[in-house]
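Coordinates in review
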Amino acid sequence: MSSAVSAPAPASAVVAGPAPSLPLPVLGRDVRVPVAGGGEVAYAALDYAASAPALQRVWDDVAAYAPYYGSVHRGAGYLSQLSTELFENSRATVAAFLGCRADDQVVFTRSTTDSLNLLAAALPAGTRVFVFETEHHAALLPWTRRAETGETPVTWLDAPRSHAQAVETLERALAAREPYGPALVCVTGASNVTGELWPVRELAAAAHAHGARVVLDAAQLAPHRAVDIGELDVDWVAFSGHKLYAPFGAGVLAGRADWLRAAEPYLAGGGATRSVRRDASGAPAVEWFDTVARHEAGSPNVIGAHAVASACRALREAGFERLAAREEALLARLRGGLAAVPGVRVLSLFGDDAPRVGVVSFVVDGWESSAFAAALSAEYGIGVRDGLFCAHPLVRALLPAGGSAVRVSFGVGTPDEHIERFVRAVGELVRR
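Quantities reported herein were computed from a predicted structural model and do not represent experimental measurements. (Residues numbered from 1 in each chain as written. Predicted model: local features only at pLDDT ≥ 70, side-chain atom pairs only at ≥ 80, totals over all residues. Heavy atoms only, no water.)

**Quick word on unusual backbone geometry**
The amide bond that connects Glu-178 to the next residue, Pro-179, takes the cis arrangement and shows omega of -5°. The backbone of Asp-233 sits at a positive phi, close to 60°, despite the residue not being glycine. Relative to the helices and strands, Asp-233 resides in the loop between helix 8 (229-232) and strand 9 (236-240). Classification of Asp-233 by relative accessible area gives partly exposed; the value is 37%. One non-glycine residue, Tyr-245, lies in positive phi territory at about 70°. For Tyr-245, the position within the fold is in the loop between strand 9 and strand 10 (251-255). (Helix = DSSP H or I, 4+ residues; strand = E, 2+ residues; numbered from the N terminus. Buried < 20%, exposed > 50% of the residue type's maximum accessible area, 1.4 Å probe, protein only.)

**Description of the pattern of salt bridges**
Close approach of charged atoms allows side chains of opposite charge to pair. Throughout the structure, instances matching the rule amount to 23 salt bridges. As a salt-bridge pair, Glu-317 and Arg-57 come within 3.1 Å of each other at their nearest N and O atoms. With a gap of 260 residues between them, Glu-317 in helix 10 (residues 302-318) and Arg-57 in helix 1 (residues 56-65) connect regions that are remote in the sequence. What makes Glu-317 partly exposed here is its relative accessible area of 41%. The residue Arg-274 makes a salt bridge to Glu-287 at a minimum N-O spacing of 3.2 Å. Taken together, the residues span a long stretch of sequence, with Arg-274 in strand 11 (residues 273-278) and Glu-287 in strand 12 (residues 284-288) at a distance of 13 residues. (Salt bridge = Lys/Arg side-chain N within 4 Å of Asp/Glu carboxyl O.)

**Here's the deal with the pairing of strand 11**
Note that strand 11 and strand 12 share five bridges and pair antiparallel. Its bridge partner lying in strand 12, Arg-278 is registered against Pro-284. Here strand 11 folds back onto strand 12 in antiparallel fashion, the turn holding five residues, of which Gly-282 has a positive phi close to 95°. (Pairing = 2+ DSSP bridges.)

**A word on the sheet that holds strand 17 (residues 405-409)**
What the four strands build is an open sheet, ordered 13-14-17-16; its pairing is antiparallel. The open sheet terminates on both sides in strands that have one partner only, identified here as strand 13 (344-346) and strand 16 (385-387). Sheet twist, expressed as the mean angle between neighbouring strand axes with direction ignored, is 30°. Of the pairings in the sheet, the one linking strand 16 to strand 17 comprises three bridges and is antiparallel in character. Note that in strand 17 the partner of Gly-387 across the bridge is Ala-405. (Axes fitted to C-alpha atoms, helices over the stretch in contact; angles between N-to-C directions.)

Printed below as a string of structure tokens:
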């Protein structure tokens, strides 16, 4: 805390302590669940790509702040000042985590979906959007409403089968656009279906060479790899706290300020206004902020912002290189185990050698994905995801004959034993 507001001793825990040893402890690691036939086992949470468990450190930081909860930007009292400073310090922490440039803005939202809908609402008239069909629905759908009215033309790009093809496909589409006006490219950093990393830097270079801007959906990338706006040369980054080991309810849109300042406020209400008067007709005459507050109407989610910032600090201090090295070792063990099971086929766009994070989707001969996932849960206490993963066009491109898949995903709080138990369980179910 700065000298402007000096918190009493118990609040000192609001500032995170030293990073724990690997793996980073998460909530729920001691939870036991019933299994078929009686008894209980330690729950193996292997659905991090949907919602990662909160880090214990994040939960402790939130609990330490909770007694000092107060209104943000709205009160003269001590707790309001403390909460306001905590909220703005959280914004600064997120900016540092993302390597934001000096004039970038960090807007707190509810989620990645909310962040991308905010950006969609802020697009200048006539902006053409380019998006691969491989995107999560959070990045695929926000543009469609304005596309239906013709306000925002959208070009849907087919699923590429290599990094080079992705860049070539984008370059051709951008060069052929008519009219040659403002454009936005939306691209994922890591697929929530295959875990494969996308060539973000190369796609950003292609976009900028053709006068387009880039928004990066980092929902799956940020929990696994360092994300630096300047190094990747993207214009905006969006991610969710609940995938970054923070509790539900907070997200981030960070990046260039000009389109956001020029757009109508995302929500109309208190906090986004500099002044409200009645004009000669008696109607409200509003002067909106042109700062980040313009798109943060209403009482801010200070606990959500604080939790996201705490997770950012924990990951940076643990070191992404160390975290990624451990994850890659677990990933190799997982993929090697699945490869040894007959009838299991792992889904991939870019091939077996493509770099990826801890997300793997697969199909099993003779099994419906929902039945296989249910068996893992009921018999082994393993939680995975099945279905189309809110990325229907991508899964259908990977499974042209139809059907759905099983997805296993993990992260910094996953014990080695959970991966080993999962591989054993898959082998036993298939051999029956």
